[in-house]
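Overview (structure and organization)
This is what each chain is made of:
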Amino acid sequence: MNLIKNVTAKEGYHKIMGSVSAIIIGLIFGFLVLLLANSSNAFEGFITIVAGGFTGGGRGVGQVLYFATPLILTGLSVGVAFKTGMFNIGAPGQFVMGAVSAVYVGVHVTFLPAPFHWIIALLAAAIVGGIWGFIPGMLKAFFNVHEVIATIMMNYIGMYLCNFIVKKTVYNSLKNISLDVKSSAVIPKAGLDKIFVTLHGNYSDVSTVNGGILIAFGIAVFIYFIMEKTTLGYELKAVGFNKNASKYAGINEKRNIILAMTIAGALAGLGGGLLFLSGPSGRHLAVVDVLAMEGFNGISVALLGLSNPIGIIFSAIFISYLAQSGTYLQTLNYMPEVVDIIIAVIIYFSAFALVIRQVLPKLRKKFYERKSQLPTASEEKESNGGEK
Amino acid sequence: MSIFYLIVQQTMFFTIPLLVVALGGMFTERGGVTNIALDGTMIIGAFAGILFINQTQDTMSGTTQLLLAMLVAVGIGIIFSLFLAFSAINMKADQIIGGTALNLFAPAFAIFAARTIQTNGVQQIQFNNTFRISKVPVLGDIPFIGDMFFKSCYITTYIGILILLVATFVLYKTKFGLRLRSCGEHPQAADSVGINVYRMRYSGVMISGALGGLGGLIFVIPTSTSFNADVAGYGFLALAVMICGQWKPMRIFIVSIFFGSMKALAASYSAVPFLANAPITSDFYKMVPFIATLIVMAFTSKNSRAPKAVAQPYDKGSR
């Protein structure tokens, strides 16, 4: 009992409960949407959503991790910017520029020996993504251009530039997508193909997941370390809390704004590299005039993970898990967009987390106050009874 | 010369939705609430309006149908914006988060609903465009100007200009406008003289919902014959136009003309001989509006001044 009392007193608990209650409300809303659309399959559909990535067996879980990889990176990108007091809505552009750079290096820079090829390709993704964050950072620091506007513009510039580069250099014109990267540029499987596999008789259906997910975990921990344990992280967060106060305290706020946006861009770019350096069965860049969804989902991931790098790992896997269940929903004649609606509702209610966080401690206090009052009340009764 | 007229007409198609939506954004921000969900509002408004046209096109056509569809778009836009208003004003939630959620919701809902409602189960909604006015009587006969503005046009263009005039008047010349602006600058002061800050902010958000929904519909109608749960990021561009226009109606008009003409050039460059022959691919023409906006923003944002209390929840207890 005391353990529960102590755990519920922690601030972190209330934060997590905010996200958890938003998730529950989102799922209930999703069930209602299923009921409205087609009531006969609704319960089965809901089970499919909740069972999510597990539906596909070992391969299915692997796919959840594969699609969670870029989400962790774009989530970190948005999260770092949030902590620095900025809204990086430019993750789609940074992501896609990183992706096209990695694919270009993966296809054309062939003189590199095998263990370096994919590493150089990832570095290229991070650098070009970083440039795509650096430009809005500069514009914000020196020209006072709102970062939301600048990054939105950079999204569209990046999208069209990416289409142009793909068509000019790495084009598979038959399928209107990018070419396969050379096998030396594919991120090693790191043994994950042995774990995440579904057996159909003699045929083993291997998941696309590779060492990228481990790299993503490592980077999340690294960012946590930077933000919590170093002077750089402290300065970045200080600028986020109060620009003027940190300027007064001798922090170069212009440098920190540019640095934060560059880091954010590099993270999103790296996400692009990690997703697309994955061999013939993995994703390929399609030539379409649509902004990359992985970038926008990074916003949801960061919000749900409360911009905490470790929280972002969990929320990215959760969102990817839901998204995978969307593909399984189609077998029940439901549109996969139900899942997008659920995610939107979750984000909407997670914005209320502040209110929930204020209400929860009060409820808890009331609960324990009443409990502590109960024995005294019964004692009073007893003593009253005794007198009579 | 006909190419010139074509580009002017195209410019109007791109300018008017931007103008209308940016004016909506101006009203809500002047009241102190950021509506980043304008893009989602446009999608929902366009969805409702186009669906209305799709369902009624056996019995109706022409400008009457368009006007009714516009009313539908406005109504749905207002309802949609109430979700933002509730989260931002009553729940004091982060306005960016609430808006982002609505931006996620709108396209997903539009696709889901289109595939559920339409019997063929596709997400695109087709519509017959019977709204083009080939020539406005009398005005279309004016040389030069008539060719530019009063031939092969839509009634939406004139409604957009009318909205601009009304918006300017309401914001600067009415009691409502003054009160709204005060809630965006210093809500505590406004409250102290008896203005209901919540109600004013609700009105601001609802105006943005109405204009956002309308803007979505009038963006889709001249530029396409089917709606695919997408407005090409126009809501975000409208936000850029609003900031570039310094939250002032006439400046917003000028900026949206600038942006609209860039966009028109990108859309119709292949009809202009010397641009089509230049060794530049279409991707770069599509980039031009965005690069141009960035450059213009870099030179004009130095003294940018947003409404002081924008994006801050109003808490009666704080000072």
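In this text, all values refer to a predicted model and were calculated from it rather than measured experimentally.

Brief notes about the overall build of chain A
From N to C terminus, chain A includes 16 helices and 4 strands. When the 388 residues of chain A are sorted by exposure, 51% land in the buried category. Counting every atom, chain A has about 17700 Å² of accessible surface; 65% of that belongs to carbon and sulfur.

Description of the interface of chain B and chain A
Of the residues lining the interface, 44 residues belong to chain B; the matching set on chain A comes to 42 residues. The junction of chain B with chain A conceals about 3900 Å² of combined surface from both sides, 80% of it contributed by carbon and sulfur atoms. A per-residue breakdown of the area chain B buries against chain A is headed by B:Leu104, B:Phe112 and B:Leu294, which together make up 17% of the total. In this structure, the connection of chain B to chain A is made through 3 salt bridges. One salt bridge in this structure joins B:Asp283 and A:Lys167, with 3.3 Å as the shortest N-O distance. Taken together, the links from chain B to chain A amount to 3 residue pairs in polar contact (both at pLDDT 80 or more). Looking at the side of chain B that touches chain A, the elements with two or more residues in it are helix 3 (62–90), helix 4 (95–117), helix 10 (234–244) and helix 13 (282–300) of chain B. Of the residues that constitute the side of chain B that touches chain A, the class distribution is 29 nonpolar, 9 polar and 6 charged.

Brief notes about the pattern of salt bridges
Enumeration over the complete set of coordinates arrives at 7 salt bridges over all chains. Between A:Glu294 and A:Arg283 there is a salt bridge whose closest N-O contact spans 2.8 Å. Here A:Glu294, found in helix 13 (residues 293–304), pairs with A:Arg283, found in the loop between helix 12 (253–276) and helix 13; they are 11 residues apart in sequence, far enough to count as distant. Taking relative accessible area as the criterion, A:Arg283 reaches 31% and is therefore assigned partly exposed. Ionic pairing is found between B:Arg115 and A:Glu337, a salt bridge with its closest N-O pair at 4.0 Å. One end of the pair, B:Arg115, is in helix 4; the other, A:Glu337, is in helix 15 (residues 337–350), on a second chain.

What to know about unusual backbone geometry
Most peptide bonds take the trans form, and the phi angle of most residues other than glycine is negative. All names here are of chain A. One non-glycine residue, Leu306, lies in the positive phi region at around 55 degrees. Considering the arrangement of structural elements, one finds Leu306 in the loop between helix 13 and helix 14 (309–329). Residue classification places Leu306 among the partly exposed residues on the basis of a relative accessible area of 30%.

Looking at a positive patch on the surface
Taken together, A:Lys243, A:Lys247, A:Lys254 and B:Lys302 make up a surface patch of like positive charges. With respect to the element layout, A:Lys247 can be found in helix 11 (residues 243–248).

Digging into the side chain of B:Thr41
Residue and element names in this part refer to chain B. Note that Thr41 resides in helix 2 (residues 38–56). Here the side chain of Thr41 touches Ala37 through a polar contact of 2.7 Å, landing on its backbone oxygen. Ignoring anything within four residues of it in the chain, the contact list for Thr41 reads Asn35, Gly77, Phe80, Gly209, Gly212 and Gly213.

A few points about the confidence of the model for chain A
Scored by pLDDT, chain A comes out at a mean of 84, with 90% of its residues at no less than 70. Low confidence marks residues 377–388 of chain A, where pLDDT is under 50. Its contacts with residues over four positions away, or in another chain, come to 0 contacts.

Observations concerning the nonpolar core
If you look at the biggest cluster of nonpolar residues, it comprises 207 residues, and the most contacted ones within it are A:Ile72, A:Ile89, A:Leu285 and B:Leu23. Setting aside residues up to four positions removed in sequence, A:Ile72 forms contacts with A:Ile213, A:Ala216, A:Phe217, A:Ala220, A:Ile312, A:Ile313 and A:Ala316. Counting residues in each nonpolar core, the second largest holds 6 residues, with B:Ile7, B:Ala266, B:Val272 and B:Tyr285 among its members.

Re the environment of B:Met60
Along the chain, B:Met60 falls in the loop between helix 2 and helix 3. Residue class for B:Met60 comes out partly exposed when judged on its relative accessible area of 26%.

Observations regarding the confidence of the model for chain B
Scored by pLDDT, chain B comes out at a mean of 87, with 99% of its residues at no less than 70. Both confidence scores are given for the complex: pTM 0.86, ipTM 0.88.

Some thoughts on the packing of helix 3 of chain B against helix 4 of chain B
Residue and element names in this part refer to chain B. Relative to each other, helix 3 and helix 4 sit at 155 degrees, their axes nearing to 9 Å. One element, helix 3, and the other, helix 4, form an angle in the roughly antiparallel class. Crossing angle aside, the handedness with which helix 3 passes helix 4 is right-handed. When helix 3 is examined against helix 4, the residues Phe80, Phe83, Leu84, Ser87 and Ala88 are found in contact with a partner set consisting of Gln95, Gly98, Gly99, Leu102, Phe105 and Ala106. Taken together, the residues of the contact of helix 3 with helix 4 break down into 7 nonpolar, 4 polar and no charged.

A few points about the packing of helix 5 (residues 91–108) of chain A against helix 6 (residues 114–143) of chain A
Residue and element names in this part refer to chain A. Interaxial distance between helix 5 and helix 6 falls to 7 Å at its minimum, and their mutual angle equals 150 degrees. Here helix 5 is positioned roughly antiparallel relative to helix 6, judged by the angle of their axes. Read as a crossing pair, helix 5 and helix 6 show a hand that is right-handed. Two secondary-structure elements touch here, helix 5 through Gly93, Gln94, Met97, Gly98, Ser101, Ala102, Val105 and Gly106 and helix 6 through His117, Ile120, Ala121, Ala124, Ala125, Val128, Gly129, Trp132 and Gly133.

Side note on the environment of B:Phe80
All names here are of chain B. For Phe80, the position within the fold is in helix 3. Residue class for Phe80 comes out buried when judged on its relative accessible area of 5%. A sequence separation of 129 residues divides Phe80 from Gly209, and the C-alpha atoms of the two residues are 6.8 Å apart. Residues in contact with Phe80, not counting those within four places in the same chain, are Gly40, Thr41, Ile44, Leu102, Phe105 and Ala106.

Re a nonpolar patch on the surface
Residues and elements named next belong to chain A. Together, Ile16, Val20, Ile24, Ile28, Leu32 and Leu35 make up an exposed nonpolar region whose accessible area comes to about 510 Å². Here Val20 is to be found in helix 2 (residues 11–37). Judged by relative accessible area, Val20 falls into the partly exposed class, the value being 32%.

With respect to the packing of aromatic side chains
Residues and elements named next belong to chain B. Scanning all chains against the criterion turns up 21 aromatic pairs over all chains. Taken together, a centroid distance of 5.5 Å and an interplanar angle of 70 degrees make the contact between Phe13 and Tyr154 edge-to-face. On the criterion of sequence distance, the pair formed by Phe13 in helix 1 (residues 2–30) and Tyr154 in the loop between strand 3 (151–153) and helix 6 (155–173) is long-range, its members being 141 residues apart. Residue class for Phe13 comes out buried when judged on its relative accessible area of 9%.

Some details on helix 15 of chain A
Residue and element names in this part refer to chain A. Between its first and last C-alpha atoms helix 15 spans 20 Å; for 14 residues at 1.5 Å apiece the expected length is 20 Å, and the two agree. In terms of burial, helix 15 is a largely internal element, 12 of the 14 residues being buried. Taken together, the buried positions of helix 15 are Glu337, Val338, Val339, Ile341, Ile342, Ile343, Ala344, Val345, Ile346, Ile347, Tyr348 and Ser350.

What to know about the side chain of A:Asn155
Structurally, the position occupied by A:Asn155 is in helix 7 (residues 147–169). Those residues in contact with A:Asn155 that sit more than four places away from it in its chain are A:Ile89, A:Gly90, A:Ala91, A:Pro92, A:Gly93 and A:Leu291.

Thresholds applied
- Residues numbered from 1 in each chain as written.
- Chains lettered and ligands numbered in written order.
- Predicted model: local features only at pLDDT ≥ 70, side-chain atom pairs only at ≥ 80, totals over all residues.
- Heavy atoms only, no water.
- Helix = DSSP H or I, 4+ residues; strand = E, 2+ residues; numbered from the N terminus.
- Buried < 20%, exposed > 50% of the residue type's maximum accessible area, 1.4 Å probe, protein only.
- Areas by Shrake-Rupley, 256 points an atom, 1.4 Å probe, with all protein chains shown as cover.
- Contact = heavy atoms within 4.5 Å.
- Buried area = accessible area lost by both parts, 1.4 Å probe.
- Salt bridge = Lys/Arg side-chain N within 4 Å of Asp/Glu carboxyl O.
- Polar contact = N/O pair within 3.5 Å; in protein donor to acceptor, adjacent residues only side chain to side chain.
- Nonpolar A, V, L, I, M, F, W, Y, C, P; charged D, E, K, R; others polar.
- Patch = residues over 30% accessible without salt bridge, like charges linked within 9 Å, V, L, I, M, F, W, Y side chains within 5 Å.
- Lys, Arg positive; Asp, Glu negative; His and termini not counted.
- Charge placed at Lys NZ, Arg CZ, Asp CG, Glu CD.
- pLDDT = per-residue confidence, 0-100.
- Core = buried A, V, L, I, M, F, W, Y, C linked by side-chain atoms within 4.5 Å.
- Axes fitted to C-alpha atoms, helices over the stretch in contact; angles between N-to-C directions.
- Parallel < 35°, antiparallel > 145°, perpendicular 65-115°, else oblique.
- Left-handed = near helix turned anticlockwise from the far one by under 90°.
- Phe/Tyr/Trp six-rings, centres within 6.5 Å; stacked < 30°, edge-to-face > 60°.
- Expected span 1.5 Å × (residues − 1).

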